[in-house]
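Per-entry structural report
What follows is each chain in one-letter form.
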Amino acid sequence: MDAHVAEPGLAVVEVAAADDETAVAIQELLAAQCAIAPADRTTREPGEPGVRLRCFLDLRQEPGT
């Protein structure tokens, strides 16, 4: 699935990890650095190893806003 952003300072990050715990930990690290719209779950592709998690970052705002 493609995602597009329309303004500078916005980013879409897709994390590929071996398991849910690792993907969520990476999302938490990102959230400590910038404002984030976190994903509430990971996804799995049939026949592919690991999980994916997509979150949206706003580098224009401070974390927690």
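Note: the structure precedes this text.
Described in the following lines is the structure provided in the data block. (Residues numbered from 1 in each chain as written. Predicted model: local features only at pLDDT ≥ 70, side-chain atom pairs only at ≥ 80, totals over all residues. Heavy atoms only, no water.)

1. Topic: the environment of Gln-61
- Checked against the element boundaries, Gln-61 lands in the segment after strand S3 (51-58).
- If near-sequence neighbours (up to four positions away) are discounted, Gln-61 is found in contact with Cys-34 and Ala-35.
- Polar side-chain contacts of Gln-61 include one of 3.1 Å to the side chain of Asp-58. (Helix = DSSP H or I, 4+ residues; strand = E, 2+ residues; numbered from the N terminus. Contact = heavy atoms within 4.5 Å. Polar contact = N/O pair within 3.5 Å; in protein donor to acceptor, adjacent residues only side chain to side chain.)

2. Observations regarding the nonpolar core
- Counting nine residues, the largest nonpolar core is built from Val-15, Ala-17, Ala-23, Cys-34, Ala-39, Val-51, Leu-53, Cys-55 and Leu-57.
- Breaking this core down by element, the ones donating at least two residues are strand S1 (10-17) and S3.
- The greatest single-element share of this core, amounting to four residues, is contributed by S3.
- Discounting chain neighbours no more than four positions away, the residues touching Val-15 are Ala-23, Ile-26, Val-51, Arg-52 and Leu-53. (Core = buried A, V, L, I, M, F, W, Y, C linked by side-chain atoms within 4.5 Å. Buried < 20%, exposed > 50% of the residue type's maximum accessible area, 1.4 Å probe, protein only.)

3. Observations concerning the pattern of salt bridges
- Inspection of every chain in the model, using the stated rule, returns five salt bridges.
- For Glu-14, the salt bridge is made with Arg-52, and the minimal N-O distance between the two is 3.5 Å. Of this pair, Glu-14 sits in strand S1 while Arg-52 sits in strand S3, and the two are 38 residues apart along the sequence.
- For Glu-14, a relative accessible area of 41% corresponds to the partly exposed category. (Salt bridge = Lys/Arg side-chain N within 4 Å of Asp/Glu carboxyl O.)

4. Description of the sheet that holds S1
- The three strands are arranged S1-S3-S2 in an open sheet whose pairing can be described as antiparallel. Here the strands that pair on one side only, and so sit at the sheet edges, are S1 and strand S2 (35-37). The sheet shows a mean angle of 35° between the axes of neighbouring strands, direction not considered.
- Here S2 pairs with S3 via three bridges, running antiparallel. Directly across from Ala-37, in S3, lies its bridge partner Phe-56. (Pairing = 2+ DSSP bridges. Axes fitted to C-alpha atoms, helices over the stretch in contact; angles between N-to-C directions.)

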